[in-house]
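Single-letter residue listing:
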Amino acid sequence: MRFSLIKREPSFFFENMHQDLQRFLKDTFGDIEPSNAQIERTFRPAVEICEDKEGYSIKVELPSVKKEDITLALTPENVTITAEAKYKNEEEKKDIKYSEFRYGKFSRNIYLECPVKLDEADSEFKEGVLYINLKKVEPKGEEVKNIEIK
């Protein structure tokens, strides 16, 4: 009986699928390590954006985050929210075996379809939820400029 070896290249489809799955798992669960080092992973809080003709209302769930650890930056076209949920080991003697609490740094950039008034923006942090209210800039009528043809 005669055997021959057939050289096959790995399928790019499966290779890309594997990379996509790895990225999805890392984004969802963070870096999973056997030690308690996973406590320092980043987290992605829930965001709710509502829009009406006058402006935007944005809610961001930030449990276990202090008001002092939140930074809010605003431009006419976007909002950047940066926060950090710090891990406190209140009882040094106890070793955490399993935790679904999320600790770490968070940054989210929200693009706004309509520009907003910077001087009329306000925000409030209450019971672990950040509320942001933004008013849209009054739309200007389209300016038409006639150009003389030479």
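So, a few notes on the structure that sits alongside this text. (Residues numbered from 1 in each chain as written. Predicted model: local features only at pLDDT ≥ 70, side-chain atom pairs only at ≥ 80, totals over all residues. Heavy atoms only, no water.)

1. Structural notes on the nonpolar core
It is characteristic of soluble globular proteins that their nonpolar side chains tend to be buried jointly. Counting 17 residues, the largest nonpolar core has Leu 62, Ile 81 and Leu 134 as its most contacted members. In terms of residue count, the dominant contributor to this core is strand 4 (residues 78-85) (four residues). (Core = buried A, V, L, I, M, F, W, Y, C linked by side-chain atoms within 4.5 Å. Buried < 20%, exposed > 50% of the residue type's maximum accessible area, 1.4 Å probe, protein only. Helix = DSSP H or I, 4+ residues; strand = E, 2+ residues; numbered from the N terminus.)

2. With respect to the packing of aromatic side chains
Evaluated as defined, the whole model comprises zero aromatic pairs. The side chain of Lys 136 reaches across the aromatic face of Tyr 56, ending 5.4 Å from its centre. (Phe/Tyr/Trp six-rings, centres within 6.5 Å; stacked < 30°, edge-to-face > 60°. Lys NZ or Arg CZ within 6 Å of the ring centre and 35° of its normal.)

3. Here's the deal with a nonpolar patch on the surface
A surface patch of nonpolar side chains, about 380 Å² in accessible area, is lined by Leu 21, Phe 24, Leu 25 and Phe 29. Looking at where Phe 24 falls in the secondary structure, it is placed in helix 1 (residues 12-29). (Patch = residues over 30% accessible without salt bridge, like charges linked within 9 Å, V, L, I, M, F, W, Y side chains within 5 Å. Areas by Shrake-Rupley, 256 points an atom, 1.4 Å probe, with all protein chains shown as cover. Salt bridge = Lys/Arg side-chain N within 4 Å of Asp/Glu carboxyl O.)

4. Remarks on the pairing of strand 4
Across the two faces of strand 4 the burial differs, with Val 79, Ile 81, Ala 83 and Ala 85 buried and Asn 78, Thr 80, Thr 82 and Glu 84 not buried at all. Taken together, the five bridges between strand 3 (residues 70-74) and strand 4 define a ladder with antiparallel strand orientation. Residue pairing for strand 4: Leu 74 is matched across the bridge by Val 79. Where strand 3 hands over to strand 4, the hairpin turn is made up of three residues, counted between the paired strands. Sheet topology places strand 4 next to strand 5 (residues 104-111); eight bridges connect them, and they run antiparallel. By the bridge assignment for strand 5, Ala 83 is matched with Phe 106. (Pairing = 2+ DSSP bridges.)

5. Brief notes about the environment of Arg 108
Within the secondary structure, Arg 108 is located in strand 5. The sequence separation of Arg 108 and Arg 44 amounts to 64 residues, and the corresponding C-alpha distance is 8.4 Å.

6. Observations concerning the pattern of salt bridges
Under the criterion given, the structure shown has three salt bridges. Residue Lys 59 pairs with Glu 48 through a salt bridge whose shortest N-O separation is 3.3 Å. With Lys 59 in strand 2 (residues 55-61) and Glu 48 in strand 1 (residues 47-51), this pair connects stretches of sequence that are 11 residues apart. Assessed through its relative accessible area of 34%, Lys 59 is described here as partly exposed. The salt bridge partner of Glu 51 is Lys 136, with a shortest N-O separation of 2.7 Å.

7. Section: the sheet that holds strand 2
On the basis of which strands lie adjacent, the open sheet formed by four strands has the order 1-2-7-6 and antiparallel pairing. Looking at strand neighbours, the two that pair on one side only are strand 1 and strand 6 (122-126), the edges of this open sheet. On average, each strand axis in the sheet is tilted by 15 degrees relative to the strand beside it, whichever way the strands run. Bridging between strand 6 and strand 7 (residues 129-135) involves five bridges; their strand directions are antiparallel. (Axes fitted to C-alpha atoms, helices over the stretch in contact; angles between N-to-C directions.)

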